[in-house]
Amino acid sequence: MGRAGSVRIPYAFRVWLWIAGAVGLQAVTSLSLLSLATLVVVGAAIAIDRARFVRLLRRIRWLLLSIVILFGWMTPGTAIVPFWVALMPTFEGLELAVLHGLRLLALVAWLIFWFAWLPIPEQPTALYRAFFPLVWFGVPLERFAVRLALILDGLDALAKAPVRLRDWRHLPRWLEGEDDAAESCRQKAGLR
């Protein structure tokens, strides 16, 4: 149980709490409420693990720029500047870009909570326990939990790796099936 008076929250409950938070952040439609929620989540993520959050933020910077360009210039509406209407972004498009950019930023910050709440070795077990009722519907839960854990482990490895412009040309070893951790997870789960 740890220290006297401390409460240990089960890992399966942490998974459901994280999922509820992620869905809740995506369900917010008010720009002012989403801005406040994003500010709180980003502030907490910086307090928990500033270095990892900054690395993840650097990795999504081009995606954020793409969201601004695509929504700002491709959404019909009132142009910001009345002349050169075809070359200007629209008010509606920029509002949508900010909304979706804040959602992405909040979800990336919320991912810091996942890594803080669930140690990587405990993730397959936590996912298995959280989604155990799916076994009644015939879902191969062992495979699901191991595959999702491998994806999250890959995200963690990407978050820890330094960002270089040439990295996209070289696939990581775990994608090519040469990684020892992926093989050991497959063997433990009885997968081939």
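Please read all numbers here as calculations on a predicted model, not as lab measurements. (Residues numbered from 1 in each chain as written. Predicted model: local features only at pLDDT ≥ 70, side-chain atom pairs only at ≥ 80, totals over all residues. Heavy atoms only, no water.)

1. Describing the packing of aromatic side chains
Counted according to the given criterion, the structure contains seven aromatic pairs. Their ring planes at 80 degrees and their centres at 6.3 Å tell us that Phe-132 and Trp-136 sit as a pair that is edge-to-face. Assessed through its relative accessible area of 36%, Phe-132 is described here as partly exposed. Chaining the aromatic ring pairs together yields one cluster made of Trp-110, Phe-113 and Trp-117. Directly above the ring of Tyr-11 sits Arg-8, whose terminal nitrogen or CZ lies 5.0 Å from the centroid. (Phe/Tyr/Trp six-rings, centres within 6.5 Å; stacked < 30°, edge-to-face > 60°. Buried < 20%, exposed > 50% of the residue type's maximum accessible area, 1.4 Å probe, protein only. Lys NZ or Arg CZ within 6 Å of the ring centre and 35° of its normal.)

2. Quick word on the pattern of salt bridges
Scanning the model with the defined rule gives one salt bridge in all. Between Arg-52 and Asp-49 there is a salt bridge, and its shortest N-O distance comes to 3.8 Å. Separated by three residues within a single helix, Arg-52 and Asp-49 lie in helix α2 (residues 31-59), roughly one turn from each other. (Salt bridge = Lys/Arg side-chain N within 4 Å of Asp/Glu carboxyl O. Helix = DSSP H or I, 4+ residues; strand = E, 2+ residues; numbered from the N terminus.)

3. Considering the packing of α2 against helix α4 (residues 91-117)
The angle between the axes and the distance between the axes are what describe a pair of packed helices. For the pair α2 and α4, the least separation of the axes is 7 Å and the interaxial angle reads 45 degrees. When the interaxial angle is binned, α2 and α4 end up oblique. Like other packed secondary-structure pairs, α2 and α4 cross with a definite hand, here left-handed. Broken down by class, the residue content of the contact of α2 with α4 amounts to 23 nonpolar, two polar and four charged. (Axes fitted to C-alpha atoms, helices over the stretch in contact; angles between N-to-C directions. Parallel < 35°, antiparallel > 145°, perpendicular 65-115°, else oblique. Left-handed = near helix turned anticlockwise from the far one by under 90°. Nonpolar A, V, L, I, M, F, W, Y, C, P; charged D, E, K, R; others polar.)

4. Some words on helix α1 (residues 11-27)
Its 17 residues place the ends of α1 24 Å apart at the C-alpha level, agreeing with the 24 Å of an ideal helix rising 1.5 Å per residue. Along α1, the residues classified as buried are Tyr-11, Ala-12, Arg-14, Val-15, Trp-18, Gly-21, Ala-22 and Leu-25. For α1, the secondary structure elements touched by its buried residues are α2, α4 and α5 (123-130). (Expected span 1.5 Å × (residues − 1). Contact = heavy atoms within 4.5 Å.)

5. Observations concerning the layout of surface pockets
Computed from the structure, the largest pocket encloses a volume of approximately 330 Å³. Taken together, 19 residues make up the lining of the largest pocket; nearest its centre are Trp-18, Leu-107, Val-108, Leu-111 and Leu-155. Of all the secondary-structure elements, those providing two or more residues to the lining of the largest pocket are α1, α2, α4 and α6 (141-160). Grouping the amino acids of the lining of the largest pocket by side-chain chemistry returns 18 nonpolar, no polar and one charged. (1 Å grid on protein atoms, 1.4 Å probe; cavity = no way out; pocket = protein on both sides within 12 Å on 5 of 7 lines; lining within 4 Å. Points joined across faces, edges and corners; volume = space filled by probe spheres on them.)

6. Quick word on a nonpolar patch on the surface
On the surface, a nonpolar cluster with roughly 720 Å² of combined accessible area is contributed by Trp-62, Leu-65, Val-68, Ile-69, Leu-70, Trp-73 and Met-74. On the secondary structure map, Leu-65 appears in helix α3 (residues 61-74). (Patch = residues over 30% accessible without salt bridge, like charges linked within 9 Å, V, L, I, M, F, W, Y side chains within 5 Å. Areas by Shrake-Rupley, 256 points an atom, 1.4 Å probe, with all protein chains shown as cover.)

7. Section: the nonpolar core
Residues Val-15, Trp-18, Phe-53, Trp-110, Trp-114 and Leu-127 are the most contacted members of the largest nonpolar core, which totals 33 residues. When residues of this core are traced back to their parent elements, those giving at least two are α1, α2, α4, α5 and α6. Here Phe-53 is in contact with Val-42, Ala-45, Ile-46, Leu-105, Val-108, Ala-109 and Ile-112, once residues within four sequence places are set aside. (Core = buried A, V, L, I, M, F, W, Y, C linked by side-chain atoms within 4.5 Å.)

8. Focus on the environment of Leu-105
Structurally, the position occupied by Leu-105 is in helix α4. Sequence-wise, Leu-105 and Leu-64 are 41 residues apart; in three dimensions their C-alpha atoms are separated by 8.5 Å.

9. Things to note about the environment of Met-74
Counting through the fold element by element, Met-74 comes out in helix α3. Separated by 15 residues in the primary sequence, Met-74 and Pro-89 have C-alpha atoms spaced 7.7 Å apart.

10. Overview of the side chain of Arg-14
Mapped onto the elements, Arg-14 comes out in helix α1. Lacking a salt bridge, the buried Arg-14 has Glu-122 as its closest oppositely charged neighbour, with an N-O distance of 8.8 Å. Excluding its chain neighbours within four sequence positions, the residues that come into contact with Arg-14 are Arg-8, Ile-9, Trp-117 and Leu-118. (Lys, Arg positive; Asp, Glu negative; His and termini not counted.)

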